[in-house]
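Listed below are the residues making up each chain.
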Amino acid sequence: MSSVWLYNKKLKKWSKKFKFGDIDGDFCFDPKAPLSDPLVNAISNDLKIDKEYIYASAGISQLISAILPLSRWEEIFLPSIEFGLYERTCIIHNKKTTHIDAVSTAEFIEELKTKNSSENSLLCISSPRWFNGEIFSLAQINEILSIFKGYLFIDEAYVDFSNNPNHLLDLCMKNERIMIARSFSKKFIASGLRAGYLITKLRINGLRNTLIPPHSISTHSISIIVKLLNDTKLLKSFDSTRKYIMENRDYIYDNLNGFDGIKIIKSSANFLTLIFDTEEKMNKTYSKIKNFVGVNKYNINNIFFIKIWIKNLLFSKTIVNSIIK
Ligand SMILES: Cc1ncc(COP(=O)(O)O)c(C=O)c1O
């Protein structure tokens, strides 16, 4: 499809006046050739995965909203502490939901063993987890596949801040019970572009026709992301930012784990979570760092925790010093 903005003289002049560049006010979706989507093609080249297994979306949020309500899922299993859209989607669509209470991934698996599931069950987990950034290892995902009878929706929104972002791709290509959801929101610090994708061998009837206008990803966003994916220089700079964030995250972990009863589980995300036995202890630590942007406290099901979004080294050092002084 081509947008009127690209050839109408008046509109072109207007976008030039305001330095908007070439404005494409359209959607990419071509119902006659859905696999011609440039984003699907760019991801396919990048990951060396056949494009028929890749579904472009307006972020992971659109995938959650499209996949969780499907009638094939009789029951949805969710961690008790998870990105809120999962719970909200289940409530809106009246889905039977089972919650898994666990602080660590190892506890999560033990708790999952106590639940009954069927081939019509869907388990949604973020990995790295929204809660504490802990990533499920390949061995743990294999264990989950052996104890859980249904399908897995693995949300990898934060995976770019882990040591091996592609560690589940081979398994996903071998096992159609796995869906992997990914986002450009965190990787390219571009959540407003609304861009993400799903990788799966599972055939969900009509899925590609669900991720279409008007809620789908815009041509504008696609053209930016595709250019980014093809720009090796810029990708290298994103990669060094990513490594810098990881180092600054680990700096806080190394200096605070165990201090004054603070428990931290190693994070593979761009944030770190401090966990406390009591609300009082949490509030004491929170009072020392509450004025920093990107520091939030939570009490979810009596799990008391503070999430810290990682920035530069000075920020990490200031956080550590503020807490231990
Ligand atoms: C675990 C998790 N999944 C998904 C999302 C939303 O991703 P997107 O911007 O791609 O819709 C978020 C956003 O914070 C998140 O934390």
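Above this note sits the structure.
Keep in mind that what you see is a predicted model, and the values were worked out from it rather than measured.

Topic: the pairing of strand β3 (residues 97–100)
Working step 1: Only one face of β3 is covered, namely the one carrying Thr98 and Ile100; the face carrying Thr97 and His99 has none of its residues buried.
Working step 2: In this fold, the crossover linking strand β2 (residues 75–79) to β3 by way of helix α4 (residues 84–92) has right-handed handedness.

Quick look at the packing of helix α11 (residues 232–256) against helix α13 (residues 313–324)
Working step 1: Their axes nearest at 9 Å, the elements α11 and α13 cross at an angle of 15 degrees. The pairing of α11 with α13 is recorded here as roughly parallel in orientation. Like other packed secondary-structure pairs, α11 and α13 cross with a definite hand, here right-handed. Contact residues: α11 offers Tyr244, Asn248, Tyr251, Ile252, Asn255 and Leu256, while α13 offers Leu313, Ser316, Lys317, Ile319, Val320, Ile323 and Ile324.
Working step 2: Classifying every residue of the contact of α11 with α13 by side-chain character gives nine nonpolar, three polar and one charged.

Description of the nonpolar core
Working step 1: Among the nonpolar cores identified, the biggest contains 46 residues, and Leu39, Phe108, Leu123, Ile141, Ile144, Phe184 and Ile199 are the most heavily contacted of them.
Working step 2: Ignoring anything within four residues of it in the chain, the contact list for Phe184 reads Leu39, Ile43, Ile189, Ala190, Ala195, Gly196, Tyr197, Ile225 and Leu229.
Working step 3: Of all hydrophobic cores here, the second largest spans 35 residues; its members include Leu122, Trp130, Leu202 and Ala269.

As for the side chain of Arg208
Working step 1: Note that Arg208 resides in helix α9 (residues 207–210).
Working step 2: One buried charge, Arg208, has no salt-bridge partner; the nearest side chain with opposite charge is Asp37, at 6.9 Å.
Working step 3: A polar contact of 3.1 Å, which involves the side chain of Arg208, links it to the backbone oxygen of Glu52.
Working step 4: Excluding its chain neighbours within four sequence positions, the residues that come into contact with Arg208 are Phe29, Pro34, Leu35, Val40, Lys51, Glu52, Ile54 and Tyr55.

Observations concerning the site of the ligand
Working step 1: Around the ligand, a shell composed of 13 residues is seen, among which Ser61, Asp155, Tyr158, Ser183 and Ser185 lie nearest.
Working step 2: Within the side chain of Ser61, a nitrogen or oxygen atom sits 2.6 Å from an oxygen atom of the ligand.
Working step 3: Ser183 places a side-chain nitrogen or oxygen 2.7 Å from an oxygen atom of the ligand.
Working step 4: For the ligand, whose unbound accessible area comes to 400 Å², protein coverage reaches 91%.
Working step 5: Elements with a contribution of two residues or more to the shell around the ligand: α3 (59–67) and α8 (184–187).

With respect to helix α5 (residues 105–112)
Working step 1: All of the buried residues in α5 are Thr105, Phe108, Ile109 and Leu112. Projected down its long axis, α5 carries its buried residues within an arc of 95 degrees, all on one side.
Working step 2: If you follow the buried residues of α5, they end up packed against β2, β3, β4 (121–126) and α6 (138–147).

Quick notes on a nonpolar patch on the surface
Working step 1: Residues Val4, Leu6 and Tyr7 make up a contiguous nonpolar surface patch of about 280 Å² in total accessible area.
Working step 2: Within the fold, Tyr7 resides in the segment before α1 (9–17).

Some points on the packing of aromatic side chains
Working step 1: Enumeration over the complete set of coordinates arrives at 19 aromatic pairs.
Working step 2: Aromatic pair Tyr158 and Trp309: ring centres 6.1 Å apart, planes at 45 degrees, arrangement tilted. Within this pair, whereas Tyr158 is found in the loop between β5 (151–155) and α7 (169–174), its partner Trp309 is found in strand β10 (residues 303–309), the two being separated by 151 residues in sequence.
Working step 3: The buried category is assigned to Tyr158, whose relative accessible area is 7%.
Working step 4: For Trp309, a relative accessible area of 23% corresponds to the partly exposed category.

Regarding the sheet that holds strand β9 (residues 295–300)
Working step 1: The strand order β8-β10-β9 describes an open sheet built from three strands, whose pairing is antiparallel. In this open sheet, the two strands that pair with only one neighbour each are β8 (271–276) and β9. Direction aside, neighbouring strands of the sheet carry axes that sit 25 degrees apart on average.
Working step 2: Sheet topology note: the β9/β10 ladder contains six bridges and is antiparallel. In the strand pairing of β10, Val295 is matched with Ile308.
Working step 3: Seen against the sheet, α13 touches β8, β9 and β10 and runs at an angle of roughly 145 degrees to β10.

Section: the pairing of β5
Regular strands show a simple pattern: their side chains alternate between the two faces of the sheet.
Working step 1: With five of its five residues buried, β5 lies for the most part within the structure.
Working step 2: Along β5, one buried face is formed by Tyr151, Phe153 and Asp155 and the opposite face, lined by Leu152 and Ile154, is buried too.
Working step 3: Sheet topology places β4 next to β5; five bridges connect them, and they run parallel. Paired with Ser126 across the strands is Asp155, a residue of β5.
Working step 4: The parallel pair β4 and β5, bridged by α6, forms a crossover whose chirality is right-handed.
Working step 5: In this structure, β5 lies alongside strand β6 (residues 178–183), joined through four bridges in parallel fashion.

Side note on the pattern of salt bridges
Working step 1: The full count for this structure, using the stated rule, is 12 salt bridges.
Working step 2: Lys115 is the partner of Glu111 in a salt bridge, and the nearest nitrogen-oxygen pair spans 3.6 Å.
Working step 3: For Glu111, a relative accessible area of 25% translates into the label partly exposed.
Working step 4: Across the pair Arg249 and Asp250 runs a salt bridge whose closest N-O atoms are separated by 3.1 Å.

Each value, and the rule that gives it
Residues numbered from 1 in each chain as written. Predicted model: local features only at pLDDT ≥ 70, side-chain atom pairs only at ≥ 80, totals over all residues. Heavy atoms only, no water. Buried < 20%, exposed > 50% of the residue type's maximum accessible area, 1.4 Å probe, protein only. Helix = DSSP H or I, 4+ residues; strand = E, 2+ residues; numbered from the N terminus. Right-handed = clockwise from strand over helix to strand, strands pointing away. Axes fitted to C-alpha atoms, helices over the stretch in contact; angles between N-to-C directions. Parallel < 35°, antiparallel > 145°, perpendicular 65-115°, else oblique. Left-handed = near helix turned anticlockwise from the far one by under 90°. Contact = heavy atoms within 4.5 Å. Nonpolar A, V, L, I, M, F, W, Y, C, P; charged D, E, K, R; others polar. Core = buried A, V, L, I, M, F, W, Y, C linked by side-chain atoms within 4.5 Å. Lys, Arg positive; Asp, Glu negative; His and termini not counted. Salt bridge = Lys/Arg side-chain N within 4 Å of Asp/Glu carboxyl O. Polar contact = N/O pair within 3.5 Å; in protein donor to acceptor, adjacent residues only side chain to side chain. Near = heavy atom within 4 Å. Areas by Shrake-Rupley, 256 points an atom, 1.4 Å probe, with all protein chains shown as cover. Arc of directions from axis to C-beta. Patch = residues over 30% accessible without salt bridge, like charges linked within 9 Å, V, L, I, M, F, W, Y side chains within 5 Å. Phe/Tyr/Trp six-rings, centres within 6.5 Å; stacked < 30°, edge-to-face > 60°. Pairing = 2+ DSSP bridges.

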